[in-house]
Amino acid sequence: QVQLVESGGGLVQAGGSLRLSCQASGRTFNRNSMGWFRQAPGKERDFVAAINWNGDMTYYADSVKGRFTISRDNAKNTVYLQMNSLKPEDTAVYYCAAGQLPVITTTHRSGFGSWGQGTQVTVSS
């Protein structure tokens, strides 16, 4: 089992940038694919981005393609989400999640077994 702690959220103006970090503990991090999801008030928790265990493949929701970048540093047990050109509609709680397998086979929530507590991102217009 992997324990996950997100950080890096905050308040930013539209057009600005933030970098989220997800620190993992547990011996299996290097064998897990990883993902980021987000949940706005009153809405479902939606997929944002995911990365395979070794970083060779990444996946993005259409709404963030070209603006967000997921990466990982296995030596530091950390996965990142660089968010650029932020929009008010990006406002949400962002969650880090560990995939069930080393490679991404689904971007649905069911493909991820461990979740962090979330970090709030607020983008003002």
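Residues numbered from 1 in each chain as written. Predicted model: local features only at pLDDT ≥ 70, side-chain atom pairs only at ≥ 80, totals over all residues. Heavy atoms only, no water.

### Some words on the packing of aromatic side chains
Cut-off, in case you're wondering: In this analysis, rings of Phe, Tyr and Trp, with Trp reduced to its six-membered ring, are considered paired at centre separations within 6.5 Å, and the interplanar angle assigns stacked below 30 degrees, edge-to-face beyond 60, and tilted for intermediate values. In this scheme, the term charge over a ring applies when either NZ of a lysine or CZ of an arginine sits within 6 Å of the ring centre and within 35 degrees of the ring normal.
Counted according to the given criterion, the structure contains four aromatic pairs. Taken together through their ring pairs, the aromatic side chains of Phe-37, Phe-47, Phe-112 and Trp-115 make up a single cluster. Stacked on the ring of Trp-115, the Lys or Arg Arg-45 has its end atom at 5.0 Å from the ring centre. Sitting over the face of the ring of Phe-29, Arg-72 holds its NZ or CZ atom 4.6 Å from the ring centroid.

### Considering unusual backbone geometry
Test applied: Secondary structure elements follow DSSP: runs of H or I no shorter than four residues count as helices, runs of E no shorter than two count as strands, and numbering proceeds from the N terminus. Throughout, exposure labels follow a simple rule: accessible area from a 1.4 Å probe, protein chains only, divided by the maximum for the residue type, with under 20% read as buried, over 50% as exposed, and the rest as partly exposed.
Located in the positive-phi region is Asn-77, a residue other than glycine, with phi close to 55 degrees. Position of Asn-77 among the secondary structure elements: in the loop between β7 (68-73) and β8 (78-83). Backbone geometry at Ser-85 places phi at a positive 50 degrees, although glycine is not the residue there. By secondary structure assignment, the location of Ser-85 is in the loop between β8 and β9 (92-99). Residue Ser-85 is classed as partly exposed on the basis of its relative accessible area of 41%.

### Remarks on the nonpolar core
As a reminder of what qualifies: Within this scheme, the nonpolar core is defined by two criteria: the residues are buried Ala, Val, Leu, Ile, Met, Phe, Trp, Tyr or Cys, and they are joined through side-chain atoms within 4.5 Å.
Met-34, Trp-36, Leu-81, Met-83 and Tyr-94 are the most contacted members of the largest nonpolar core, which has 33 residues in total. Taken together, the elements giving at least two residues each to this core come down to β3 (18-25), β4 (34-39), β5 (45-51), β7, β8, β9 and β11 (119-124).

### A short note on the pattern of salt bridges
Here is the rule: Take a side-chain nitrogen of Lys or Arg and a carboxyl oxygen of Asp or Glu: if they are within 4 Å of each other, that pair is a salt bridge.
Using the criterion set out here, one finds four salt bridges in the structure. One salt bridge in this structure joins Arg-109 and Glu-44, with 3.7 Å as the shortest N-O distance. Residue Arg-109 is located in the loop between β9 and β10 (112-115), and its partner Glu-44 is located in the loop between β4 and β5; the two are separated by 65 residues in the primary sequence. Residue Arg-109 is classed as partly exposed on the basis of its relative accessible area of 31%. With a relative accessible area of 52%, Glu-44 lands in the exposed category. The network of salt bridges with common partners includes Arg-38, Arg-67 and Asp-90.

### So, the sheet that holds β3
Put simply, the rule is: When DSSP locates at least two bridges between a pair of strands, those strands are taken to pair. Note on definitions: angles span 0 to 180 degrees between N-to-C directions of axes, and those axes are lines fitted to C-alpha atoms, for helices only across the stretch in contact.
On the basis of which strands lie adjacent, the open sheet formed by four strands has the order β1-β3-β8-β7 and antiparallel pairing. Every interior strand has two partners, whereas the edge strands, β1 (3-7) and β7, have only one. Within this sheet the neighbouring strands show an average axis-to-axis angle of 15 degrees, counted without direction. The pairing of β3 with β8 spans six bridges and is antiparallel.

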